[in-house]
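Close look at the chain arrangement
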2 protein chains.
Amino acid sequence: MVTLATVSRAAGVSTATVSRVINQPEKVDKRTRELVEKTIKELGYRPNHYARTLASKTSRTIGVIVNRFASTYYGQMLEGVETALEVHGYKTIAESSRESAKGEQEALTSLLDRQCDAIVMHTNQLTDAQLRPLLQEKQPIILLNRHLEGYCQRCIYLDNEAAGERAANYLLDCGHRQIAMITGSDEFHEALARTKGFRRAFEKRGLELNEDLVVKSRFGFKGGYDGFKQLQKRAVPYTAIFFQSDEMAIAGIEAAQEYGLSAPADFSVLGFDDVEAAQYLTPKLTTMRQPLNEIGKAAGLLALAEFTGKQEFFDGKREFEATVKQRASVTSLGS
Amino acid sequence: MVTLATVSRAAGVSTATVSRVINQPEKVDKRTRELVEKTIKELGYRPNHYARTLASKTSRTIGVIVNRFASTYYGQMLEGVETALEVHGYKTIAESSRESAKGEQEALTSLLDRQCDAIVMHTNQLTDAQLRPLLQEKQPIILLNRHLEGYCQRCIYLDNEAAGERAANYLLDCGHRQIAMITGSDEFHEALARTKGFRRAFEKRGLELNEDLVVKSRFGFKGGYDGFKQLQKRAVPYTAIFFQSDEMAIAGIEAAQEYGLSAPADFSVLGFDDVEAAQYLTPKLTTMRQPLNEIGKAAGLLALAEFTGKQEFFDGKREFEATVKQRASVTSLGS
DNA sequence: CTGATATATGAAAGCGCTTTCATCAAGTGA
DNA sequence: TCACTTGATGAAAGCGCTTTCATATATCAG
């Protein structure tokens, strides 16, 4: 194995000098530097990341924790973080929590043990009380789509309430009145907030939201499929459905087929996320576009800013807005 | 910071003993062990992963390199690797190559520098010649869906040729003769193999594959969309289309709408992958099911077996088969 | 030419852990 | 009882690097 010492011996200098060539080249005489650089190349020396981190106490890597890898939702955020950090010479490593509190906790300590300089995490299984102590680490931890009292500085999130409200308003503006909503699971702050905002839109207009039309379900295809069936069972008329994720909407549309119903002919559907598939479906899905990539970027940059203490990395934008992406699955009711 | 030394002092033992309690508890007297364990807990001590790895030269983690995070295809494999390793107390960390040769190379050295005990990688940008030297590391590197002369021991793959052949045969058996194919990009070994197998099926039956009906495109939604349009431009009649990925198929079906065509009424479509969305589309997508999760698991286990030298981790199955998942998008042509 | 300042380098201590080797006490069989 | 194994523990070296501090040489103003 080629180590610093190997190189230093070969070049006839001390290990300190070789180290300097790598980390602060300007502090080394040009001739020495070139000699060392040549030797490094010839020997194919690659610094041992672990030794380096151990000695310097910084690893130039940011850890990211997501719920699942096999989901575009998290994947897009992840890519956002990655691209933002790459520019500044930082690496991203990812772990998944497999949707369990234990997993979230383990991933966090694992990443901490790996000396990540900062951590970006999406957490919904851990309660506020469980989470708080974990946040005491000296490495900054950025929370995705989660609000924690007194920890706002380090939260990046979509304003899900506003998004829910906007979704309702859009449907309302299209003339719909009997609007159903299939929600994501309670466990997710996102779902709760979207529901709350949705309700508020009705209140503000002095309209009543028919509670029989809101069915609690789960994110993911299956959740949309089951949710739709449940809605049908209630036999309450509706002209539009708001699904709290695109995956749910896709599956819901399919479920409708089994009842001989089809969107948007029989009812309008509004999704959420704007996954890549949304624009390639039949009907093309009208959905609440969520800037997943930018959210990821912001989180990455905030992590960097917090870790380095250089605020210029981060532009201060912690809150993002979802916007209506109009396509074909929502139709206006003729007034 | 609580270190080994802190604990050892508090417990009144040597650091060696504390270390043993953690790594080989059976070698420590029960009473001492319990005392140390108690102290560890009280102090909230967590071993420093870096120091540990540096000293022991093993990190108990496997690195995985995928092309992109925001794709279910890789996500599912990743989850497969993860679940397989978790059981054995190994961690998985992932990096993405962002679909570039440079990215693949960087991810590899980064993971190597991180002392991953073994690496599982999906690589298609690096040429065989570029790849070979990288494989010389002492850490075993497992290749996903790639064949490398003389490196078969460490390759896990879907038999894409057989899959392509099977796809063609299925369509042929359904009575289709004018079959179009939209391929993935040449850069991917997967695409080439599927095409090859597809061709072979025709040859074996003494049938001719109309070359005007095969259009080279790219994986991903856009590739399917563009591919279909290109196919239309050629104005050659067909009764079925084989898309080399589900994403392509989804987008292709949508593109067809723009021509007033719809599947399966106007033509059958066969996809590839069986992504979760496939069963929730209209029409439900008939597709070549690829056991992504199992492939990931196998790769993880093989990595473990190679690293530890314990062959019992791995069951020897390196090659996987795709099977036809019949749903609604392919119809039989009345004979 | 002198003392002060800047620049380039090396020696050596440490980062937090594992592991080898030596030590010591306790147990064993003859 | 003695020589001998066995088991539990500690001292200390070392993993590959960074960084502080001291040293040595070069540079400069006066």
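Refer to the structure printed above.
Bear in mind that the values here come from a model prediction, so they are computed numbers and not experimental data. (Residues numbered from 1 in each chain as written. Chains lettered and ligands numbered in written order. Predicted model: local features only at pLDDT ≥ 70, side-chain atom pairs only at ≥ 80, totals over all residues. Heavy atoms only, no water.)

1. Quick word on helix α3 (residues 30-43) of chain B
Working note: α-helix, 3.6 residues per turn, so residues spaced by three or four point in the same direction. All names here are of chain B. In a regular helix each residue adds 1.5 Å, so 14 residues correspond to 20 Å; α3 covers 20 Å between its end C-alpha atoms and thus fits that length. Buried residues belonging to α3 abut α1 (4-11) and α2 (15-23). Sitting at the head of α3, D29 places a side-chain oxygen 3.1 Å from the backbone nitrogen of R31. Just past α3, the residue G44 takes up positive phi, approximately 65°. (Helix = DSSP H or I, 4+ residues; strand = E, 2+ residues; numbered from the N terminus. Expected span 1.5 Å × (residues − 1). Contact = heavy atoms within 4.5 Å. Polar contact = N/O pair within 3.5 Å; in protein donor to acceptor, adjacent residues only side chain to side chain.)

2. Re the pairing of strand β5 (residues 155-158) of chain A
Residue and element names in this part refer to chain A. Side chains C155 and Y157 project from β5 onto one buried face, and the interleaved I156 and L158 project onto a second face that is buried too. As judged from the two bridges shared by strand β4 (residues 141-144) and β5, these two strands associate in the parallel manner. Bridge pairing in β5 links L144 to I156. (Buried < 20%, exposed > 50% of the residue type's maximum accessible area, 1.4 Å probe, protein only. Pairing = 2+ DSSP bridges.)

3. Section: the interface of chain B and chain A
Counting residues at the interface gives 49 residues for chain B and 49 residues for chain A. At the junction of chain B and chain A, the tally comes to 14 salt bridges. For the salt bridge of E254(B) with K284(A), the shortest nitrogen-to-oxygen distance reads 3.6 Å. Our count for the contact surface shared by chain B and chain A stands at 17 residue pairs in polar contact (both at pLDDT 80 or more). If you list the elements that add at least two residues to the side of chain B that touches chain A, you get α4 (49-56), α5 (72-86), β2 (91-96), α6 (101-113), α10 (221-234) and α11 (246-257) of chain B. When its residues are assigned to classes, the side of chain B that touches chain A shows 17 nonpolar, 16 polar and 16 charged. (Salt bridge = Lys/Arg side-chain N within 4 Å of Asp/Glu carboxyl O. Nonpolar A, V, L, I, M, F, W, Y, C, P; charged D, E, K, R; others polar.)

4. Some remarks on the protein's contact with DNA strand C
The immediate surroundings of DNA strand C are formed by 27 residues, with T17(A), T32(A), L4(B), S19(B) and Y45(B) found nearest. In the environment of DNA strand C, a phosphate oxygen lies 2.4 Å from a nitrogen or oxygen atom belonging to the side chain of T32(A). Here N48(B) contributes a backbone N or O atom positioned 2.9 Å from a phosphate oxygen of DNA strand C. Counting residues per element, the ones that place at least two in the surface near DNA strand C are α2 (15-23) and α4 (49-56) of chain A together with α2 and α4 of chain B. (Near = heavy atom within 4 Å.)

5. Description of the protein's contact with DNA strand D
Near DNA strand D there are 27 residues, and of these L4(A), S19(A), Y45(A), T17(B) and T32(B) occur at the shortest range. One of the side-chain nitrogen or oxygen atoms of R20(A) is found 3.4 Å away from a base oxygen of DNA strand D. Within the backbone of S14(B), one N or O atom sits 2.9 Å away from a phosphate oxygen of DNA strand D. For the surface near DNA strand D, the elements supplying multiple residues, two or more each, are α2 and α4 of chain A together with α2 and α4 of chain B. Residues belonging to the surface near DNA strand D are distributed by class as follows: 12 nonpolar, nine polar and six charged.

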